[in-house]
Amino acid sequence: MPTPRPDLEPDGSLSREEMESLQHEIADAAVFEDQFAFDPAHLSNPLEATTAGSSATEPPIVVGVDQSFLTNDAGEQDRALSAVVAMRGGVVIERAHAVTSLEIPYIPGLLAFREGGPILAALAELSVDPDLLVFDGSGRIHFRQAGIATHVGVVLDVPSIGVAKSLLCGEPQGGLENRAVGTRVPIEANARVDAPDGTLLGYAVQTRQYDSPNRSINPLYVSPGHRVGPGTAADIVLELATSYKLPEPVRLADQYATDAKEPLE
DNA sequence: GCGACAG
DNA sequence: ATCTTGTCGC
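All figures in this text were calculated on a predicted structure; none of them were measured in a lab.

A. Seen up close, helix 6 (residues 248-261). Given a rise of 1.5 Å per residue, 14 residues ought to cover 20 Å, and the 20 Å separating the end C-alpha atoms of helix 6 matches this to within 8%. Most of helix 6 sits inside the fold, with 10 of its 14 residues counted as buried. For helix 6, the full list of buried residues reads Glu-248, Pro-249, Val-250, Arg-251, Leu-252, Ala-253, Tyr-256, Ala-257, Ala-260 and Lys-261. Where the residues of helix 6 are buried, they touch strand 1 (61-71), strand 2 (77-88), strand 3 (91-101), strand 4 (132-136) and helix 5 (230-240).

Listed below in structure tokens is the structure:
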């Protein structure tokens, strides 16, 4: 993992005002457009990946990140377990995890200050260098355009994408019910977001759907973290969601976070 | 004051 | 996030 920028690291001991101020700095430093070297196509197929470029080209390393929580004797969540799964060409090449004590409770909009520390600790255990980080949570879809995907992406200056299962803020530009796989509905800034109204924050992306129009699967809310534009972020998530609704690196990190805590409780 | 609110 | 049974549908 690259060396983190110490001045921007999420610190759970900061005051709320300091946290929000830091988020403005993060948003200013963030790049919400494509700025990476790897080929965003064929991220998930090993054969395509190895034959796509020249013999010297390696498929990019995509790292999924997710957390689970541990409970103390009093029955309260006191520790976070962060799990990271590194994949290349659709194949898992390394996993790592870290357990840290929690500094603050969950507060909407301040998730990075609760889970950012454990995530950086887990990424530090990784021997490979990530080309792309995929998070379970928002990126630019955030009150101050600095969700956890953006925050960690900027601190490490690594391209990143936010994938949330529910919408934190912003206004979907169209219906989200019963959309076909591949559909992407723009999410624009509204009054709750610290950005001009109408700013494109990300997309509601349909990676799975039922055959019958009776029931409907909820979309994923995909937004740029850092150095990835909204359209490319949606493309990549669809590319990585090969077997399930969630992109494979995140799904495996989710599973690993659950499995790794079992021997600890 | 009321409503909204990633994991 | 986490606590949890049954139930509908392919």
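B. Region of the structure containing the protein's contact with DNA strand B. Around DNA strand B, the structure places 16 residues, and the nearest of them are Tyr-106, Gly-109, Asp-136, Ser-138 and Lys-165. A distance of 3.2 Å separates a base nitrogen of DNA strand B from a polar atom in the backbone of Ile-148. Here Lys-165 contributes a backbone N or O atom positioned 2.7 Å from a phosphate oxygen of DNA strand B. When grouped by side-chain class, the residues that make up the surface near DNA strand B number seven nonpolar, six polar and three charged.

C. Inspection of the protein's contact with DNA strand C at higher detail. The local shell around DNA strand C consists of Ser-68, Phe-69, Gln-77, Lys-165, Arg-215 and Lys-261. By atom count, sugar and phosphate contribute 78% of the portion of DNA strand C lying within 4 Å of the protein. Interatomic distance of 3.2 Å between a side-chain N/O atom of Lys-165 and a phosphate oxygen of DNA strand C. Taking Lys-261, its side chain carries an N or O atom lying 3.3 Å from a phosphate oxygen of DNA strand C. By residue class, the composition of the surface near DNA strand C is one nonpolar, two polar and three charged.

Cut-offs applied
Residues numbered from 1 in each chain as written. Chains lettered and ligands numbered in written order. Predicted model: local features only at pLDDT ≥ 70, side-chain atom pairs only at ≥ 80, totals over all residues. Heavy atoms only, no water. Helix = DSSP H or I, 4+ residues; strand = E, 2+ residues; numbered from the N terminus. Expected span 1.5 Å × (residues − 1). Buried < 20%, exposed > 50% of the residue type's maximum accessible area, 1.4 Å probe, protein only. Contact = heavy atoms within 4.5 Å. Near = heavy atom within 4 Å. Polar contact = N/O pair within 3.5 Å; in protein donor to acceptor, adjacent residues only side chain to side chain. Nonpolar A, V, L, I, M, F, W, Y, C, P; charged D, E, K, R; others polar.

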